[in-house]
Amino acid sequence: MLHFSRFKTALILGICLIGSLLSLPNFFAPGTLPQWLPQPRVNLGLDLQGGSYLLLEVDMSSVIRERIASTRAAMAEALRKAHVPFTSITAGKESVAVSFADAGQMDAGRQALSEILNERLDSQSRALVYAPSAAGSVLTVTLNPQAVTDLSTKAVEQSISIVRRRIDETGVNEPYVARQGQARALVELPGVSDPDRIKRLLGSTAKMTFRLVAPEGSTTSPDIELLPMADRSEGQDKIPVYRHVEIDGMNLTRATAAMDQRAGGWVVDFALDSIGTRRFANVSTKNVGKPFAIVLDNKVISAPVIREPILGGQGQISGHFTVEEANDLAVLLRAGALPAPLTVVEERSIGPSLGADAIQAGLYSIVAGFILVVAFMLVTYGRFGLFATAALLINLALTISCLSMLGASLTLPGMAGILLALGMAVDANILINERTREELAKRTGVVTSIETGFRRAYTTIMDANLTTLIKMLILFVVGVGAIRGFAVTISLGIVISIFTAILLVRLLTALWFRWQRPKTLTIGTRFHFFPEHTSIPFMRARYSGLVVSAIISLASIGLAIHPGLRMGVDFDGGVVIEAKTPYAADAPALQNALKDAGLGPVQIQRFGGADDVLLRFEHPHGTPEEQQVALRTAREAVEKSIPGTEIRRVEVVGPSVGAELLNDGLWALGLAAVAMFAYITFRFEWPFAVGAITTMFLDLTKTVGFLALTGFEFNMTSIAAVLTIMGFSINDKIVVYDRVRENLVRFKKTPLRDVIDLSINETLSRTIGTSIALFLAIAPLALFGGPALREFALTLLFGLVLGTSSSIFIAAPILLNIGEHYLRRGKRAPEAVPAKEGALKA
């Protein structure tokens with residue numbers, strides 16, 4: 001294993017060199033390096049550079065409603081043209097019913113409607129089908145279920161395209177628009193910390209129509225409707241207009257804001273295509289002297305009187321606009337009408353100063369954690385700690401280069417993931433070094449000891465890393481936003497650590513060995529923090545450990561019930577505003593100001609410095625427009641109550657989204673448990689899986705109790721922390737179980753109690769070493785990570801202690817109790833690489 005061909009050596013070193021070079025552009029300011037050099041860079045997430053995240057939901061019910069309305073109108077027109085008399089035609093939720101005077105008209109009605117009924121969708125299935133009707137003279141057609149699916153898909157795709165065009169028109173730099181789920185669109189706007197204008201643009205469907213105004217007092221006709229005036233300063237609240245659309249906004253080819261030289265106000269000039277020009281000319285010629293309404297989203301912008309025929313296909317929309325309103329209307333008309341209204345169901349906005357603080361906090365944490373872990377490895381393992389340090393540096397460079405090449409966004413949790421991945425990467429080096437140390441103690445020779453140490457650590461490293469990758473994959477699937485960044489960076493770090501620990505460190509060791517040719521070898525320095533050659537009888541306390549664990553878990557469940565978990569806005573829904581005041585915040589004054597604004601009960605808490613406050617209140621009720629007004633009122637109330645206040649962060653999560661996120665988080669925990677059970681059963685045997693999963697469940701209940709006791713928020717970041725703790729827990733168990741599996745083969749006649757005790761003692765140094773390394777990696781997050789990561793880091797530190805202790809005092813006793821009745825009863829023990837006798841005799 002210490003022999004490397006020239007090609008293999010060149011390949012490993014080449015990957016390290018290329019990866020390091022590709023990461024370098026991230027350490028130079030843009031424009032510093034020559035243009036001809038490839039310069040992939042990591043994109044900063046919104047929480048680091050500032051910006052807004054919007055989750056928009058398409059109102060699918062309006063899509064169906066409009067389709068039914070258009071079908072009703074088309075059916076009425078077809079029956080009239082065919083001279084088929086009918087008494088009524090009514091629209092239902094997904095159907096249209098036609099009532100005939102007598103049943104004898106049914107066949108003629110079907111014939112008249114045959115063209116409409118034969119309409120095909122994109123999937124080539126019929127859009128409408130006949131539905132059975134109880135009355136003999138009623139003909140009912142309903143939307144095909146496939147039609148509903150096709151209409152929904154098409155509406156979402158059209159909405160995303162139009163949203164992208166509208167945002168591009170505003171000049172936002174590098175916006176990101178993508179579909180999320182069945183009926184939602186995700187919008188990320190870097191650099192936009194107050195997205196009110198964008199929300200107004202996206203909240204308007206911008207369906208513009210031109211219709212004739214009906215005479216006063218003629219509102220009783222079903223072909224006429226009363227529509228409100230957009231500008232009520234003209235003295236009219238509503239005017240009657242005909243439902244029939246003369247010209248549609250789809251016929252627009254141009255829309256620009258301009259100053260009306262005659263009237264002196266801002267207007268929108270527009271031009272129509274050839275079809276629209278022809279229709280405009282025809283309508284204006286026939287209706288000279290009559291008012292012609294310009295309707296936008298069921299509101300009449302203006303209703304000018306036609307003075308003369310308009311033949312050129314050009315016109316002007318006036319309505320006492322400001323310059324911003326005229327520009328926004330022009331943007332909406334140019335981008336096209338949305339097929340259905342969009343509602344903001346989730347919003348997160350980060351100010352630039354908060355993003356800068358987050359970058360600083362993340363960098364401090366990474367640098368401090370890296371220095372502490374490197375110092376620990378150098379002091380503990382000396383020369384081999386130096387090899388591990390080189391591997392950590394390459395791991396960091398390759399992670400950054402991979403993020404750059406993937407075009408991934410680095411978030412604050414992502415930075416925490418990088419640091420945590422470095423701590424996990426050290427685990428592989430500790431496993432290899434401790435294994436090699438054991439082999440050296442058997443005096444098997446330097447080369448044999450090194451080769452055996454790498455070989456026997458390989459299986460454990462792969463098992464431990466694969467279980468973590470499975471959990472991170474689940475977190476990526478169910479997570480959102482920054483939490484996905486955490487999953488991506490940890491996953492990349494783990495995959496790269498397999499390369500650096502198994503290949504790079506082995507290559508460095510081989511090159512050193514070839515150069516020095518040592519006759520003897522010592523792993524480590526005089527500073528060795530781990531106990532050696534212990535023989536602690538852990539299994540004597542197997543029942544007391546289980547009883548204590550059960551009591552703590554029951555108490556934790558009780559704490560989760562009362563006082564309960566403090567649900568974050570992610571799961572509970574609502575509004576959170578983070579503000580920085582110019583001096584120490586006056587919480588009562590803020591509370592009174594928000595109470596006077598009519599926002600209901602408001603929770604105010606200080607965090608960070610005395611000038612940092614967090615405000616939380618329930619999600620506003622009412623229409624989307626009313627909700628946005630309430631949100632603007634809250635921002636203005638905060639800014640007015642303490643002049644000079646900076647709004648640094650705003651999060652708005654609708655109740656439905658909060659419930660979905662909570663459901664997804666619980667699914668993630670359940671899927672992770674099932675996946676771990678399946679993997680451990682496959683790699684070991686079912687008694688091992690039962691022990692690991694039962695222990696993981698007990699660790700989970702204790703973590704929930706810790707969150708309830710400390711009052712930490714339970715949100716998506718907490719789910720990420722719990723899944724990471726599950727990773728700690730399972731990894732520790734796999735290391736112990738791997739040694740148990742090996743010793744079951746070595747000592748086939750030894751009682752299982754002694755085999756488990758021996759295995760725990762043999763892996764104790766690795767367990768303590770990995771725990772210290774991870775503690776040193778996580779502690780800086782709690783010290784420098786700021787409020788956003790402090791609770792996350794403290795939860796991880798608690799889980800680290802929990803996972804280490806539960807491997808010895810819970811998982812091992814459970815395996816002993818089950819294994820005594822299974823593993824030692826005529827069953828063939830799991831296969832492992834035979835080893836020479838150790839402390840026990842076969």
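Residues numbered from 1 in each chain as written. Predicted model: local features only at pLDDT ≥ 70, side-chain atom pairs only at ≥ 80, totals over all residues. Heavy atoms only, no water.

Chemist: Just to check I follow, could you spell out the overall build of the protein chain for this structure?
Modeler: Summing up its helical and strand segments, the protein chain has 23 helices and 25 strands in all. For the protein chain, with 842 residues in total, the buried portion stands at 53%. Sequence separation of at least 24 residues holds for 76% of the intrachain contacts in the protein chain that already meet a minimum separation of 6. Each charge sign in the protein chain was given a centre, from 79 positive and 74 negative side chains, and these centres are 11 Å apart. (Helix = DSSP H or I, 4+ residues; strand = E, 2+ residues; numbered from the N terminus. Buried < 20%, exposed > 50% of the residue type's maximum accessible area, 1.4 Å probe, protein only. Contact = heavy atoms within 4.5 Å. Lys, Arg positive; Asp, Glu negative; His and termini not counted. Charge placed at Lys NZ, Arg CZ, Asp CG, Glu CD.)

Chemist: Hey, could you run me through empty space enclosed by the protein in this one?
Modeler: Rolled over the atoms, a probe sized like a water molecule indicates the empty space that remains. Applying the stated criterion to the full structure yields six cavities of 30 Å³ or more. For the largest cavity, the calculated volume is near 160 Å³. Forming the walls of the largest cavity are 16 residues, and the residues nearest its centre are F728, N731, R766, T770 and L774. Those elements giving two or more residues to the lining of the largest cavity turn out to be α12 (412-441), α13 (446-478), α21 (716-746), α22 (752-784) and α23 (786-819). Broken down by element, the residue count for the lining of the largest cavity peaks at five residues, all from α22. In this model, the second largest cavity occupies a volume close to 100 Å³. As for the second largest cavity, its lining consists of L431, E434, R435, E438, R456, T460, V735, D738, R739, E762, T763 and R766. Of all elements in the fold, only α12, α13, α21 and α22 reach the threshold of two or more residues within the lining of the second largest cavity. (1 Å grid on protein atoms, 1.4 Å probe; cavity = no way out; pocket = protein on both sides within 12 Å on 5 of 7 lines; lining within 4 Å. Points joined across faces, edges and corners; volume = space filled by probe spheres on them.)

Chemist: Which parts of the structure should I look at to understand the nonpolar core?
Modeler: Side chains that are nonpolar tend, in soluble globular proteins, to be buried together. Counting residues in each nonpolar core, the largest one holds 141 residues, and the members touching the most others are L420, L475, F688 and I756. Of all the elements, helix α14 (residues 482-516) adds the most residues to this core, at 17 residues. Residue contacts for I756: discarding those within four places in its chain leaves M539, V740, A812, L815 and L816. (Core = buried A, V, L, I, M, F, W, Y, C linked by side-chain atoms within 4.5 Å.)

Chemist: How should I be thinking about helix α1 (residues 6-23) in this particular structure?
Modeler: Count 3.6 residues to each turn of an α-helix, and residues three or four apart come out pointing the same way. Here α1 spans 26 Å end to end across 18 residues, near enough to the 26 Å set by a 1.5 Å rise per residue. Buried residues of α1: T9, I12, C16, G19 and S23, and no others. The arc that holds the buried residues of α1, viewed along the axis, is 115°, so those residues lie on one side. For α1, the exposed residues set more than 90 degrees away from the buried face come down to R6, F7, L17 and I18. (Expected span 1.5 Å × (residues − 1). Arc of directions from axis to C-beta.)

Chemist: Is there a simple way to explain the confidence of the model for the protein chain in this structure?
Modeler: Parts of the prediction with low pLDDT should not have their coordinates interpreted in detail. A residue-level look at the protein chain finds 94% of positions with pLDDT of 70 or above and a mean pLDDT of 85. Note on residues 826-842: pLDDT is under 50 here. Beyond four places in sequence and across chains, it has 35 contacts. (pLDDT = per-residue confidence, 0-100.)

Chemist: For this particular structure, what's the right way to read the packing of helix α20 (residues 686-710) against α21?
Modeler: Packing of α20 against α21 leaves a shortest axis separation of 10 Å and a crossing angle of 150°. The angle between α20 and α21 falls in the class roughly antiparallel. Once α20 is placed against α21, the crossing between them reads as right-handed. Where α20 approaches α21, its residues F688, G691, A692, T695, M696, D699, L700, T703 and L707 are matched on the opposing element by S718, V722, I725, M726, S729, I730, K733, Y737, V740 and L744. By residue class, the composition of the contact of α20 with α21 is twelve nonpolar, five polar and two charged. (Axes fitted to C-alpha atoms, helices over the stretch in contact; angles between N-to-C directions. Parallel < 35°, antiparallel > 145°, perpendicular 65-115°, else oblique. Left-handed = near helix turned anticlockwise from the far one by under 90°. Nonpolar A, V, L, I, M, F, W, Y, C, P; charged D, E, K, R; others polar.)

Chemist: In this structure, what is going on with the packing of α12 against α13? I would like to understand it.
Modeler: Helix packing for two helices is described by the angle between their axes and how far apart those axes are. Here α12 crosses α13 at 145°, and the two axes come no closer than 8 Å. Of the two possible hands of crossing, α12 and α13 adopt the one that is right-handed. Listed contacts from α13 to M424, A428, L431, I432, R435, T436, E439 and L440 of α12 are V446, S449, I450, T452, G453, F454, R456, A457, T460, I461 and T468. Across the contact of α12 with α13, the residue classes break down as ten nonpolar, six polar and three charged.

Chemist: Looking at this structure, how should I read the sheet that holds strand β13 (residues 252-259)?
Modeler: Spatially, three strands are ordered β13-β14-β17 in an open sheet, and the strand pairing comes out antiparallel. A strand with exactly one partner marks an edge of an open sheet, and here the two such strands are β13 and β17 (314-321). Neighbour to neighbour, the strand axes of the sheet diverge by 25° on average, direction disregarded. For strand β14 (residues 266-272) and β17, the ladder comprises six bridges, and the chain directions are antiparallel. Directly across from V268, in β17, lies its bridge partner I317. (Pairing = 2+ DSSP bridges.)

Chemist: Explanation requested: the packing of aromatic side chains in the structure shown.
Modeler: Two aromatic rings are characterised by how far apart their centres lie and by the angle between their planes. Applying the stated rule across the entire model yields 17 aromatic pairs. Plain terms: the ring middles of F210 and F280 are 5.8 Å apart, the flat faces sit at 45° to each other, and that makes the pair tilted. Of this pair, F210 sits in strand β9 (residues 208-212) while F280 sits in helix α8 (residues 274-286); the two residues are 70 residues apart in sequence, bridging distant segments of the chain. Given the relative accessible area of 2%, F210 is considered buried. With relative accessibility at 5%, the residue F280 sits in the buried group. Ring plane angle 85° and centroid distance 5.6 Å describe the contact between F384 and F387, whose orientation is recorded as edge-to-face. Placement of the pair is F384 and F387 together in helix α11 (residues 383-406), with a separation of three residues, close to one helical turn. Both residues of the pair, F384 and F387, count as buried. A network of ring pairs unites the aromatic residues F210, F270, F280 and F292 as a single cluster. (Phe/Tyr/Trp six-rings, centres within 6.5 Å; stacked < 30°, edge-to-face > 60°.)

Chemist: Mind showing me how you'd approach the side chain of S302 here?
Modeler: By the element assignment, S302 lies in strand β16 (residues 299-302). On the accessibility criterion, S302 (9% relative accessible area) is buried. One polar contact links the side chain of S302 to the main-chain carbonyl oxygen of S318, over a distance of 3.5 Å. Here S302 is in contact with F292, A293, I294 and S318, once residues within four sequence places are set aside. (Polar contact = N/O pair within 3.5 Å; in protein donor to acceptor, adjacent residues only side chain to side chain.)

Chemist: It is not clear to me how the sheet that holds strand β4 (residues 95-99) should be interpreted in this structure. Could you clarify?
Modeler: Strand pairing in a sheet relies on backbone hydrogen bonds, with the paired strands running either antiparallel or parallel. If you trace the four strands from one edge of the open sheet to the other, you get β3-β4-β6-β5, paired in antiparallel fashion. A single partner strand is all that each edge strand has here, and the edge strands are β3 (88-91) and β5 (128-131). With strand direction ignored, the average angle separating the axes of adjacent strands in the sheet is 20°. For β4 and strand β6 (residues 138-143), the ladder comprises five bridges, and the chain directions are antiparallel. Along β6, the bridge assignment pairs S95 with T142. Strand contacts of helix α3 (residues 60-81): β3, β4, β5 and β6, with the helix running at about 25° to β4, the strand carrying the most contacts.

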